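Residue strings, one per chain:
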Amino acid sequence: MLYDVLIIGAGPAGITAAIYAKRSNLKVAMFEKDTPGGQLSKYNEIENYTGTKKLAGYELATMMIDHAYELDIEVIYDDVIKVELDGNVKKVVTPEKTYETKTVIVASGNNPRRLGVENEDKLAMNGISWCAICDGPLFRDKKLVVVGGGNSAVEEASYLASIATHVTMVQNLDNLTADPKAIDILKAHKNVDYRYGSVVTRFEMDDKGMTGVTIKNNKGETETISAEGAFEYIGMIPVTDFIKDLGITNKWGYIEANDKMETAVPGVFGAGDVIVKQIRQVITAAADGAIAAQNALKYVEAWKK
Ligand SMILES: Cc1cc2nc3c(=O)[nH]c(=O)nc-3n(C[C@H](O)[C@H](O)[C@H](O)COP(=O)(O)OP(=O)(O)OC[C@H]3O[C@@H](n4cnc5c(N)ncnc54)[C@H](O)[C@@H]3O)c2cc1C
């Protein structure tokens, strides 16, 4: 079977692209290797998506994927490991099967960047987490470290401060760089303290798990903060390994797309956090998805094998 559009990733960008494609009567399917809703399903609250006011990330994620199911959009729960070109036909490859399509919309988003310090791999998902809403409750009444100082770090630290006995923020810069409102909310928590101009040099552990986080400040002084858990929010890495041979990514791995979401390969589009862009948010990801689907429609209408 030849699809009109195959969408890789069921985050806000992919789901919106799927809704627009389906409503244009295109033969569409969407791949998801993890949780539908993408990153949204993994954080505490969202209050800047127009019209929804304040709600939990997973609630908006559920509303989005329900919308797709209501339109009978095919969702394939599988990991896309490669996209290949065969003339005008694109092949989307999963471990067990290959799917053929006229167009592809890559909406695979980002993954959290890791610190790369000693004991991080040993404690990953067992003391160190990248998802406060998923793992925060495991650290009730414990001492935590949050690494980072941008919006994600500050917003998730506010949530963690309401669960943990104490949170220490470790930020490499001399101030927090999140939105002022998010900083005000965090600063209202009395059980949070701050280490500025500091980087994590290693995680401390014994046979039961994490015991502390060692940091070094810009004066060269080291300190070990007692902690049973740590959350890292130090930026993201685009998920583009599976398209690296297409020549549509820049040196950091982000897809270069124009304002029609077209890449250098005709019929391959990018949308959402995975493309080079200024603002990576739910609302801009959804907008990219809509634009990509509209231009996929134009490509399909003009398509010749
Ligand atoms: C902690 C945190 C807090 C945030 N807070 C806000 C906020 O308050 N407001 C806001 O607007 N934005 C917020 N954001 C940003 C927002 O979540 C993202 O901009 C948005 O989710 C991007 O959507 P996307 O569809 O491009 O990618 P994603 O949401 O990353 O979705 C991509 C999807 O693709 C899937 N995928 C990847 N590779 C493959 C593959 N090979 N095969 C199959 N599936 C694949 C992934 O599993 C994922 O589900 C926050 C982000 C984080 C991390």
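Fair warning: this is a prediction, and the values are worked out from it, not measured in the lab.

Cut-off values and rules
Residues numbered from 1 in each chain as written. Predicted model: local features only at pLDDT ≥ 70, side-chain atom pairs only at ≥ 80, totals over all residues. Heavy atoms only, no water. Pairing = 2+ DSSP bridges. Helix = DSSP H or I, 4+ residues; strand = E, 2+ residues; numbered from the N terminus. Axes fitted to C-alpha atoms, helices over the stretch in contact; angles between N-to-C directions. Domains from an automatic or database assignment. Contact = heavy atoms within 4.5 Å. Salt bridge = Lys/Arg side-chain N within 4 Å of Asp/Glu carboxyl O. Polar contact = N/O pair within 3.5 Å; in protein donor to acceptor, adjacent residues only side chain to side chain. Nonpolar A, V, L, I, M, F, W, Y, C, P; charged D, E, K, R; others polar.

## Concerning the sheet that holds strand β14 (residues 198–206)
In space, the 3 strands of this open sheet follow the order β14-β15-β16, with antiparallel pairing throughout. Where the open sheet ends on each side, the last strands, each with one partner, are β14 and β16 (222–226). Across this sheet, the average inter-strand angle for adjacent strands is 25°, counted without regard to direction. With 5 bridges joining them, strand β15 (residues 209–217) and β16 adopt antiparallel strand pairing. Residue pairing in the sheet places G212 in a bridge with S226 of β16.

## Regarding the domain arrangement of the protein
Domain assignment breaks the protein into domain 1 (2–111 + 236–301) and domain 2 (114–232). Taking only C-alpha atoms, the centre of domain 1 and the centre of domain 2 are 31 Å apart. Counting residues at the interface gives 5 residues for domain 1, matched by 6 residues for domain 2. Remark: the boundary between domain 1 and domain 2 carries 1 salt bridge. E47 serves as the salt-bridge partner of K181, at 3.6 Å between the closest nitrogen and oxygen. Between domain 1 and domain 2 we count 0 residue pairs in polar contact (both at pLDDT 80 or more) in total. For the side of domain 1 that touches domain 2, the class distribution of residues is 1 nonpolar, 2 polar and 2 charged.

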